[in-house]
Amino acid sequence: MTKPATLDPRPHGFDAWRAREDFPILKTEAHGKPLVYLDSAASAQKPRAVIEAVRHVYEAEYANIHRGVYELSEKTTAAFEGAREKVRAFLNAPEAREILFVRGATEGINLVAQSFGRAFLKEGDEIILSALEHHSNIVPWQLLRDITGIVLRVVPVNNAGELEIDAYAELLNTRTRLVAMTHVSNAIGTVTPIHDIVRLAHERGVPVLVDGCQAVPHQKVDVQDFDCDFYVFSGHKLYGPSGIGVLYGKAKHLEAMPPYQGGGDMIRSVTFEKTDYNVIPHKFEAGTPHIAGAIGLGAAIDYLEGLGIPEIMAHEQAVLHYATERLSRIRGLRPIGTAREKASILSFVLDRAHPHDVGTVLDGEGVAIRTGHHCAQPLMERFGIPATARASFGLYNTPEDVDALAAGLEKVLEIFG
Ligand code: PLP
């Protein structure tokens, strides 16, 4: 097919067709057909630069970190701390000690819930979430609620899936102690107004945690500009390794918070009577971390910045636009989530086929999409559906991928009438 004019790589200086060459997995097949990967919101594929960086660690630069007095350990420590500095610059955090390496966004949120929450929240205190949240920004707060007796408040969304900001402003009150809100909905792509969310909370002295899992792969994030108190994301959605993620926290909070887990590296001295804790970030990084994962994440950041995040965003928005228009021509297809500001995530239902059947037929065509509740069951309930089919576009997706999706959906219609 001819590329739509908006997708010509030249106007915004980004060539997705060339970038695809960096991803070996995109050359593989599924069911004997070329793989069309449309599930980057679940996990993005890895460029060769990341694969090589991880391989290099294990082949040439691997030892345990922070403790060794020998050259190899010092090299690995420098690479690990270098990755922390890359994340700091990526988020524009003021200081590298405000960057904690964790397993992923899930662990980052649980850390704040169990450390900040248990230390500073008590019965009757309130936390504000939104109807858009992933389960990993709901359940940790419910666990905290069961221990402390706090109250969870939920900001509703309108029929387009946009956050109702007036309702949010009304929910904020003298009992509110924390706001924990997604930056981008993984299920329907809505981008939330983080500046307003933070501003309104800070007017009442309430700190804000932002779940940035689905934002960092698509747009420039500046935690100083947002002025948020915590920001979490997972490496595997940012074209990096799985099992590594980041919790950014303002130093004033991290210093006041008690440790989350105890073990090696997070201590200054230990006796059976008493332990003195290490300084941040080490206070929150008990045990041997995912060393190669952190270094691989640093390589992913280098790779993305080499391509240009604004350029990636412009390309993905063009693909989203094309896909939205192309899928609107599929009979009986209803998009779920039509917010004015969206990341490149397209959720939909077909009136003739269950999302799981849609996913299975598409899989037979080599097209990988996600079906189900997307770990956002309350949001599905809001829209009165059990599940959606979701295509999510990464930097390597092209209009040809959208056409393959549309052809697969036509096949679904042939089968299910
Ligand atoms: N938050 C959002 C918005 C997500 O999309 C996800 C994963 O899909 C998570 C949190 C949890 O991420 P992880 O499983 O990497 O910890």
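Residues numbered from 1 in each chain as written. Predicted model: local features only at pLDDT ≥ 70, side-chain atom pairs only at ≥ 80, totals over all residues. Heavy atoms only, no water.

### Remarks on a nonpolar patch on the surface
A surface patch of nonpolar side chains, about 310 Å² in accessible area, is lined by V69, Y70 and L72. Summarising the element assignment, Y70 is placed in the loop between α2 (48–60) and α3 (71–91). The exposure class of Y70 is partly exposed, given its relative accessible area of 43%. (Patch = residues over 30% accessible without salt bridge, like charges linked within 9 Å, V, L, I, M, F, W, Y side chains within 5 Å. Areas by Shrake-Rupley, 256 points an atom, 1.4 Å probe, with all protein chains shown as cover. Salt bridge = Lys/Arg side-chain N within 4 Å of Asp/Glu carboxyl O. Helix = DSSP H or I, 4+ residues; strand = E, 2+ residues; numbered from the N terminus. Buried < 20%, exposed > 50% of the residue type's maximum accessible area, 1.4 Å probe, protein only.)

### With respect to the site of the ligand
Around the ligand, the structure places 13 residues, and the nearest of them are T106, D211, S234, H236 and K237. One nitrogen or oxygen atom from the side chain of H236 is found 2.7 Å from an oxygen atom belonging to the ligand. Considering the ligand on its own, with 390 Å² of exposed area, one finds that the protein chains cover 84% of that surface. According to the grid-proximity analysis, the pocket containing the ligand is the largest pocket. Each residue belonging to the shell around the ligand can be placed in one class, and the counts come to two nonpolar, nine polar and two charged. (Near = heavy atom within 4 Å. Polar contact = N/O pair within 3.5 Å; in protein donor to acceptor, adjacent residues only side chain to side chain. 1 Å grid on protein atoms, 1.4 Å probe; cavity = no way out; pocket = protein on both sides within 12 Å on 5 of 7 lines; lining within 4 Å. Sits in = over half its atoms within 2 Å of the grid points. Nonpolar A, V, L, I, M, F, W, Y, C, P; charged D, E, K, R; others polar.)

### Points about the environment of L307
Within the fold, L307 resides in helix α10 (residues 291–307). On a C-alpha basis, the gap between L307 and A44 in space is 16 Å, while along the polypeptide they are 263 residues apart. Every residue in contact with L307, bar those within four places of it in the chain, is listed here: F14, I312 and L395. (Contact = heavy atoms within 4.5 Å.)

### Considering the sheet that holds strand β13 (residues 333–336)
The antiparallel open sheet is built from four strands, whose spatial order is β13-β14-β17-β16. Among the strands making up the open sheet, the edge pair consists of β13 and β16 (370–372). Mean inter-strand twist for the sheet, computed between neighbouring axes without regard to direction, equals 30 degrees. The pairing of β16 with strand β17 (residues 388–392) spans three bridges and is classified as antiparallel. Among the inter-strand pairings, G372 is bridged to a residue of β17, identified as T388. The strands touched by helix α12 (residues 355–364) are β14 (345–350), β16 and β17; relative to β16, the strand with the most contacts, the crossing angle is about 155 degrees. (Pairing = 2+ DSSP bridges. Axes fitted to C-alpha atoms, helices over the stretch in contact; angles between N-to-C directions.)

### Digging into unusual backbone geometry
In this chain, I280 is followed by P281 through a cis amide linkage whose omega measures 5 degrees. Checked against the element boundaries, P281 lands in the loop between β12 (275–277) and α10. In this model, N92 sits at a positive phi of 55 degrees, which is unusual for a non-glycine residue. Tracing the sequence through the fold places N92 in the loop between α3 and β4 (99–102). By relative accessible area, N92 is classed as partly exposed at 27%. Unlike most non-glycine residues, Y239 shows phi in positive territory, near 70 degrees. With respect to the element layout, Y239 can be found in the loop between β9 (230–234) and β10 (245–249).

### Quick word on the pattern of salt bridges
Under the counting rule described, the total for this entry stands at 28 salt bridges. Close ionic contact of R84 with E81 constitutes a salt bridge, the shortest N to O distance being 2.8 Å. A residue pair is termed a helical-turn pair when its members lie 3 or 4 positions apart in one helix, as R84 and E81 do in helix α3 at three residues. Judged by relative accessible area, R84 falls into the buried class, the value being 1%. For E81, a relative accessible area of 25% corresponds to the partly exposed category. Residues R145 and D146 are paired through a salt bridge, measuring 3.9 Å at the closest nitrogen-oxygen approach. By relative accessible area, D146 is classed as exposed at 61%.

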